[in-house]
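An overview of the molecular structure
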Amino acid sequence: MQIHLIAVGTKMPKWVDEGFKEYARRMPSECSIKLHEIALPKRGKSSSAKNLREQEGVKMASLIPKGARQVALEVNGSNWSTEKLSERLKFWLESGQDIALLIGGPDGIEPKLSAGSDEKWSLSPLTLPHPLVRVVLAEQLYRAWTILQNHPYHRA
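The notes below deal with the structure included here.

What counts, and where the lines are drawn
- Residues numbered from 1 in each chain as written.
- Predicted model: local features only at pLDDT ≥ 70, side-chain atom pairs only at ≥ 80, totals over all residues.
- Heavy atoms only, no water.
- Helix = DSSP H or I, 4+ residues; strand = E, 2+ residues; numbered from the N terminus.
- Buried < 20%, exposed > 50% of the residue type's maximum accessible area, 1.4 Å probe, protein only.
- Polar contact = N/O pair within 3.5 Å; in protein donor to acceptor, adjacent residues only side chain to side chain.
- 1 Å grid on protein atoms, 1.4 Å probe; cavity = no way out; pocket = protein on both sides within 12 Å on 5 of 7 lines; lining within 4 Å.
- Points joined across faces, edges and corners; volume = space filled by probe spheres on them.
- Nonpolar A, V, L, I, M, F, W, Y, C, P; charged D, E, K, R; others polar.
- Core = buried A, V, L, I, M, F, W, Y, C linked by side-chain atoms within 4.5 Å.
- Contact = heavy atoms within 4.5 Å.
- Phe/Tyr/Trp six-rings, centres within 6.5 Å; stacked < 30°, edge-to-face > 60°.

1. A few points about the side chain of Ser-124
- The residue Ser-124 is located in the loop between strand S5 (119–122) and helix H5 (130–148) in this model.
- Relative accessible area serves as the criterion here: at 16%, Ser-124 is assigned to the buried category.
- Polar side-chain contacts of Ser-124 include one of 2.9 Å to the backbone nitrogen of Leu-126.

What follows is the structure, encoded as structure tokens:
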């Protein structure tokens, strides 16, 4: 299984790239994380959020591997504790399917893409900056994996 993090936005600050890479590097080969970045469409005075989301959605959909389980990161998604995430990770590993985690742009995920997702997950009720989401997501996936391995990283 491979985890595909499909995120709108490029040219992240150095600390974001380094933080994400650190946790992605720690993941084992059986659930490695691969980042796919999508450039933000040009925004102007006449740009509509709906049109921008549609453009992003088309690009995101093209990067989802065939047969992958889609998980949309949404504010109104399910709130998972770290322990619950480790249960989900175990389920994903046992299914053998690749996982596509979808992080939309400033206007959210294209509604059709979200509706077609197998799961919706909310990292927090807080509004988090998109760059930070990548780091938090990678760290939490690593933490969930360490729980499954009884590794001391997670000390609950």
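After that view, the rundown keeps rolling.
2. Digging into the layout of surface pockets
- Its volume calculated, the largest pocket comes out at about 360 Å³.
- Lining the largest pocket we find 18 residues, and of these Leu-73, Glu-74, Val-75, Leu-128 and His-130 sit closest to its centre.
- Going through the elements one at a time, strand S3 (69–79), S5 and H5 are the ones with two or more residues in the lining of the largest pocket.
- The element contributing the most residues to the lining of the largest pocket is S3, with three residues.
- For the lining of the largest pocket, the residue count by class is ten nonpolar, seven polar and one charged.

3. Quick notes on the nonpolar core
- The biggest cluster of nonpolar side chains holds 26 residues, and the ones touching the most others in it are Ile-3, Ile-33, Trp-92, Leu-101 and Leu-141.
- Counting residues per element, the ones that place at least two in this core are strand S1 (2–8), helix H1 (14–26), S3, helix H3 (82–95), strand S4 (99–103) and H5.
- In terms of residues, this core owes the most to one element, H5, which gives seven residues.
- If we skip the residues at most four places from it in the chain, Leu-101 touches Ile-3, His-4, Leu-5, Ile-6, Val-71, Leu-73, Trp-92, Trp-121, Leu-137 and Leu-141.

4. Section: the packing of aromatic side chains
- This model, assessed by the stated rule, comprises five aromatic pairs.
- Arranged with centres 4.9 Å apart and planes meeting at 70 degrees, the rings of Tyr-142 and Tyr-153 form a pair that is edge-to-face. Here Tyr-142 is found in helix H5, whereas its partner Tyr-153 is found in the segment after H5, with eleven residues between them in sequence.
- For Tyr-142, a relative accessible area of 7% corresponds to the buried category.
- Through pairs of rings, three or more aromatic residues link up here, namely Tyr-23, Tyr-142, Trp-145 and Tyr-153.

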